[in-house]
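# Descriptive analysis of the structure
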Amino acid sequence: MQGSSFDKVRQSGAGRLGRISLNIGAACSALLIPLLVLVLGVAVHLLVARESTAATGGWPLGCFVDGKTFRWPFFGRSDYCLLWLTGLGLFLSLLESLSLIVLNGVVHRAALGVASQLKSDIHAQAFRLGSSDLLGASRSRPEELFTDKVEAVRQGMVTYWRANARGWVAVAALLLLAVMVNALLTLLAVLVAVIIWMAGNRLRQLGRARAEHWADHAETRHELLVEDMRLTSLATGYSLHDKPGAPFEAGLREYRAHALHSYTSTVMVTPLILLMVLAGVSLLIMVIGFNIVDDPPRMTIAESVVWAASLICAYFPASRLIRLPKTRKAVADAADEIFRYLQREPSVTQVAHARPVLRLQKDIQLDHITLADRNGHKVLSDVSATIPAGGKIGLVATDPQTAVSLAGLFVRYYDPAAGRVLLDGVDLHHATIDSLRRQALLVAADGLLFTGTVSNNIACGDPRYSVLQVTEAARKIKAYDFIQQLPRGLETVIGSHGDHLTDWQAFLIALARAELREPSLLVVEELQHGIDETGAAIVDQALHATAESRTLILLPGRLATLRWLDRIYLFHDGQLHAQGSHAELLQSNELYRHWNYMHFNPFRDKVR
């Protein structure tokens, strides 16, 4: 599954990748590195020459491989030759930089193309599936995928394409250069590197296993020490000269020894790997030295520099290639989650022969409702209740997620796992979705503002509503006064990139948006924070006004709101625990009194 997800992402970027540009940029960038190494070797060869215009022949000089002394062909002087070599090195470095710019540009463009397509697909799927995520969650599932997982795919593909396109060519070219200098020494170096890498991985595995082993022992010993602490009351109560059980100091020493073993098991791995690396480098330096001091020398200093520089430069692309499987897995894991979401079918669908929902007149019935959240945790279990129409109803719960989950059922953002929700006897599962959306609306506490004018935020761009209707809706819920004080009134741009509104002002804009559509059932998640006395008074007036001509179901956030509700339904452990007015519940229900105290008593945090 992971492989197929990665392949799907890679193939979706193939058309955007610009393979010709990528291959040219990667090849140039990779092949220029060995050329720079050769220029370095020639410069070293020149610097170690005994005469100003001559140097010992050797492999780094290309065609001068006879080992004899020859005359430098450039300008006849060593300083001119060095200047020419420096200029050539700078020119090759410029070409390397330009090729990397081309390569990175192509890769980032392709990765952004893939990310943009995934974001477009997630956006379309979110509208197709509807609001299936529960209210009150910090972020919806589409938002998590849109923000985090798509970015993980983008970054992973940048790393993969850049390393894969350039790494293989660079490693092959640099190893070939090292082999041409000294094949046996290169084979020895590769063998040493492989042994160190395998031994290092094994040491890390052993270190982690050893650390976990001793950590378990330390945790067990620590639990016994905590138990020992509890026994002091037993010793005191029974007037014992000493507490029962093993001596505390002995247990503490054992805990300290086990914890020390756990902490040092992984710490020792890095120095051991460093020791192996230094030993391997020392071995290679010794072999190179024997070749240089041999009479006659089997390697020149310049050849040694070229050989060492080739292997050092090959290490970096090789290390990135080694990490590619982890990169592929990270991309595949993120892509898996995205593709699973894109393959989901809407949980809320309209059945054939669905009936339209008319204005709510009688009641709302919960018929043996069972509901689980998106993580599979049950929040309602076989709940039945009747909510009369035309009233002001409050939903409260010892677990806030229960109330917000139930709120989503009334507007059919999702269906219950079992049971039915009926509006005037019409099962919402058998109702037309368009008619339900006209009769039942939900207002979230944060207002869900978007960047646009106040008028557009209220009308949501719907051409059916005139400016006069928008104004009347704002007047009714007491928002028009502060709207007039904005720089351009209804035409003021608000949202994340517009003028800032307070939390209660954004909440009133959301209420005006719902009021404009005149639903017969309004479910409101009341604002709890970010509201001062002035805002609270205006919000109270707005809620009273919007409750005049419809059924209002509130998830109350303030004590003042609880007091004017007609009826409150209290849920506990997924069950309907009690119902009644605020005063009735305070007098008759201990759980409600405790819930009320924990939420609204200003001195609750000072009680010890």
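Here's what I pulled together on the structure shown here.

Here the focus is the pattern of salt bridges. Applying the stated criterion across every chain, the model contains 16 salt bridges. Two residues, E96 and R166, come together in a salt bridge whose shortest N-O distance is 3.0 Å. With E96 in helix 4 (residues 78-129) and R166 in helix 5 (residues 141-181), the pair connects residues that are 70 residues apart, well separated along the chain. Looking at E96, the relative accessible area reads 10%, which means it is buried. On the basis of relative accessible area, R166 is assigned to the buried category, the value being 13%. Across the salt bridge formed by E515 and K476, the nearest N and O atoms sit 3.0 Å from each other. Taken as a pair, E515 in helix 16 (residues 503-517) and K476 in helix 14 (residues 467-476) lie far apart in primary sequence, 39 residues in all. Overall, the relative accessible area of 7% leaves E515 in the buried class. Relative accessible area serves as the criterion here: at 28%, K476 is assigned to the partly exposed category. Where salt bridges share partners, they join R141, E144, K149 and E337 into one cluster.

To continue, consider a nonpolar patch on the surface. Nonpolar side chains collect at one region of the surface, where F91, L94, L95, L98 and I101 lie side by side and expose about 470 Å² of accessible area between them. With respect to the helices and strands, L98 occurs in helix 4. L98 sits in the partly exposed class, given a relative accessible area of 44%.

Bringing a positive patch on the surface into the picture now. On the surface, R162, R204, R208, R320, R323 and K326 cluster together to form a positively charged patch. Take R320: it is sitting in helix 9 (residues 301-322).

Our next topic: the packing of helix 5 against helix 10 (residues 324-342). If you want to describe how two helices pack, look at the angle between their axes and the distance between the axes. Where helix 5 meets helix 10, the closest approach of the two axes is 9 Å, and the angle between their N-to-C directions is 150 degrees. For the element pair helix 5 / helix 10, the angle class is roughly antiparallel. The handedness of the crossing between helix 5 and helix 10 comes out as left-handed. Of the residues assigned to the contact of helix 5 with helix 10, the class counts are 14 nonpolar, 4 polar and 4 charged.

Scanning all chains against the criterion turns up 5 aromatic pairs. Between F6 and Y160, the aromatic rings sit 4.9 Å apart at their centres with planes inclined by 80 degrees, giving edge-to-face as the arrangement. Of this pair, F6 sits in helix 1 (residues 2-12) while Y160 sits in helix 5, and the two are 154 residues apart along the sequence. By the burial criterion, F6 is buried, and Y160 matches it.

On to the packing of helix 8 (residues 269-293) against helix 9. Here helix 8 crosses helix 9 at 155 degrees, and the two axes come no closer than 10 Å. As summarised for this structure, helix 8 and helix 9 are arranged roughly antiparallel, according to the angle between their axes. In terms of crossing hand, the pair formed by helix 8 and helix 9 is right-handed. When helix 8 is examined against helix 9, the residues L284, I288 and I292 are found in contact with a partner set consisting of I301, S304 and W307. Of the residues contributing to the contact of helix 8 with helix 9, the split by class is 5 nonpolar, 1 polar and no charged.

Summarising the element assignment, A218 is placed in helix 6 (residues 183-237). Among the residues examined, A218 registers a relative accessible area of 7% and is labelled buried. Along the sequence, A218 and E254 sit 36 residues apart, while their C-alpha atoms lie 7.9 Å from each other. If we ignore the near neighbours within four places in the chain, the residues touching A218 are Y255, H258 and A259.

Attention now goes to the pairing of strand 3 (residues 363-372). Looking at chain direction, strand 3 and strand 4 (residues 378-388) are connected through 7 bridges and run antiparallel. The residue bridging L371 from the neighbouring strand is L380, located in strand 4. With 5 bridges connecting them, strand 3 and strand 6 (residues 418-423) associate as antiparallel partners. For D367, the partnering residue across the bridge sits in strand 6 and is R420.

What follows is about the sheet that holds strand 11 (residues 521-525). On the basis of which strands lie adjacent, the open sheet formed by 6 strands has the order 8-11-12-5-13-14 and mixed pairing. Lying at the two open borders of the sheet, with one neighbouring strand each, are strand 8 (440-443) and strand 14 (575-580). Along the sheet, successive strands turn relative to each other by an average axial angle of 20 degrees, direction set aside. Relative to strand 12 (residues 551-555), strand 11 runs parallel, the two sharing 5 bridges. Bridge assignment links L522 to a residue of strand 12, and that residue is L552.

Definitions and cut-offs
- Sequence order as written defines residue numbering, which begins from 1 separately in each chain.
- Predicted model: local features are reported for residues with pLDDT of at least 70 only, side-chain atom pairs are reported and counted for 80 or more only, and whole-chain, interface and lining totals are derived from all residues.
- Side-chain figures throughout are based on the complete set of non-hydrogen atoms in the structure, without hydrogens or water.
- Here, a salt bridge means any side-chain nitrogen of Lys or Arg that lies within 4 Å of a carboxyl oxygen of Asp or Glu.
- Helix and strand assignments come from DSSP, with helices taken as H or I runs of at least 4 residues and strands as E runs of at least 2, each series counted from the N terminus.
- Categorising residues by exposure relies on relative accessible area from a 1.4 Å probe, with only protein chains included: less than 20% of the type maximum marks a residue as buried, more than 50% marks it as exposed, and the intermediate range marks it as partly exposed.
- For patches, a residue must show more than 30% relative accessible area and have no salt bridge; joins then use 9 Å for like charges and 5 Å for nonpolar side chains, namely Val, Leu, Ile, Met, Phe, Trp and Tyr.
- Computed with the Shrake-Rupley method and a 1.4 Å probe, the accessible areas treat only the protein chains shown as cover for residues.
- In this tally, Lys and Arg are treated as positive and Asp and Glu as negative; His is ignored, and so are the chain termini.
- Charged side chains are reduced to one point each, which is NZ for Lys, CZ for Arg, CG for Asp and CD for Glu.
- Axis angles are defined between N-to-C directions and span 0 to 180 degrees, where every axis is a line fitted to C-alpha atoms and, for a helix, only to the segment in contact.
- Roughly parallel refers to an angle under 35 degrees, roughly antiparallel to one over 145, roughly perpendicular to one between 65 and 115, and oblique to any angle outside these ranges.
- For a crossing to be left-handed, the near helix must be turned anticlockwise from the far one by less than a right angle; the clockwise case is right-handed.
- Only Asp, Glu, Lys and Arg are considered charged, only Ala, Val, Leu, Ile, Met, Phe, Trp, Tyr, Cys and Pro nonpolar, and every remaining residue, Gly among them, polar.
- Note on ring pairs: Phe, Tyr and Trp rings are taken, using the six-membered ring of Trp, and paired if centres are within 6.5 Å. Classes follow the plane angle, with under 30 degrees stacked, over 60 edge-to-face and the rest tilted.
- A contact between two residues is defined here by any heavy atoms of the two lying within 4.5 Å.
- In this scheme, strands are said to pair when DSSP sees at least two bridges between them.

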